[in-house]
Amino acid sequence: MGCTNPFAPSFDENIGDDKPPISDQKDINGVFQNFQYSYTFKDTTIYGQLLTQDFIFTYRDYDQGFDVSWGRDDEMRTTLGLFQNVQRLDLVWNNIILLTQDSLTANVVRSFNLTIIFNPTDVIRVDGRVNLALRKNPESEKWQIARWLDESNF
């Protein structure tokens with residue numbers, strides 16, 4: 001008579017043909033897949049690969065009444081701070097509202113839901129849209145985000 005050790009489960013042979021957790025970013029969906037992965041696992045290495053060197057993030061400061069922008073270095077510092085100060089991030093990508101694309105550039109407007117859990121009693125929900133300008137590197141053939149215009153309710 002044997003027993004099953006719950007701390008050493010058997011290997012799951014029923015893994016389907018699901019997409020891998022990290023994309024090669026050779027298509028636009030791969031950018032969104034890696035974005036979601038980086039937020040779920042708070043992975044700045046994957047997140048940094050999403051951004052071009054000349055990346056610009058812009059959001060509307062409604063209290064001050066003007067737009068605020070920053071570059072890649074500030075975006076990486078801000079994202080690292082977010083990743084370090086939350087217990088969990090749940091990002092859900094919703095419908096693509098607008099997609100214009102040619103061989104090397106794309107503009108994507110997509111809705112999302114983001115749940116930021118600092119602790120069980122401090123939870124913030126953000127609903128909105130991202131307006132992304134993407135560029136494809138002709139050498140690596142990877143898509144990256146060049147500009148992010150935040151259209152969220154936060």
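Just above, that's the structure.
These remarks concern the structure in this document.

Analysis parameters
- Residues numbered from 1 in each chain as written.
- Predicted model: local features only at pLDDT ≥ 70, side-chain atom pairs only at ≥ 80, totals over all residues.
- Heavy atoms only, no water.
- Helix = DSSP H or I, 4+ residues; strand = E, 2+ residues; numbered from the N terminus.
- Buried < 20%, exposed > 50% of the residue type's maximum accessible area, 1.4 Å probe, protein only.
- Contact = heavy atoms within 4.5 Å.
- Areas by Shrake-Rupley, 256 points an atom, 1.4 Å probe, with all protein chains shown as cover.
- Core = buried A, V, L, I, M, F, W, Y, C linked by side-chain atoms within 4.5 Å.
- Pairing = 2+ DSSP bridges.
- Axes fitted to C-alpha atoms, helices over the stretch in contact; angles between N-to-C directions.

## Points about the overall build of the chain
The helix and strand inventory of the chain stands at three helices and six strands. Secondary structure elements in the chain, listed N-terminal to C-terminal, are α-α-β-β-α-β-β-β-β. Within the chain, buried positions represent 37% of all 154 residues. In the chain, 49% of the contacts between residues at least 6 apart in sequence involve partners at least 24 apart. By element, 50% of the accessible surface of the chain is carried by carbon and sulfur atoms, the whole surface being about 9,900 Å².

## What to know about unusual backbone geometry
Positive phi, close to 60°, is recorded for Gln25, a residue that is not glycine. Position of Gln25 relative to the elements: it lies in the segment before helix H1 (28–40). The residue Lys42 is not glycine, and still its phi comes out positive at about 50°. You can see Lys42 is positioned in the loop between H1 and helix H2 (44–49).

## Notes on the nonpolar core
By size, the foremost hydrophobic cluster in this structure holds 28 residues, and its most contacted members are Phe35, Tyr39, Tyr47, Leu114, Leu134, Ile145 and Trp148. Elements that contribute at least two residues to this core include exactly H1, strand E1 (51–61), helix H3 (72–85), strand E3 (88–101), strand E4 (105–119), strand E5 (122–136) and strand E6 (143–152).

## Thoughts on the sheet that holds E4
Working definition: the strands of a sheet are paired by backbone hydrogen bonds and lie parallel or antiparallel to each other. Taken in spatial order, the six strands of this open sheet run E2-E1-E6-E5-E4-E3, and their pairing is mixed. Here the strands that pair on one side only, and so sit at the sheet edges, are strand E2 (66–71) and E3. In this sheet, adjacent strand axes meet at a mean angle of 20° when their direction is disregarded. In terms of strand pairing, E3 meets E4 through 11 bridges, oriented antiparallel. If you follow Arg88 over to E4, its bridge partner there is Ile117. Of the strands in this sheet, E3, E4, E5 and E6 are in contact with H1, which crosses E3 at around 165°. Its contacts with the sheet place H3 against E1, E2, E3, E4 and E6, and it is angled at close to 70° to E1.

Geometric values such as these leave the question of function open.
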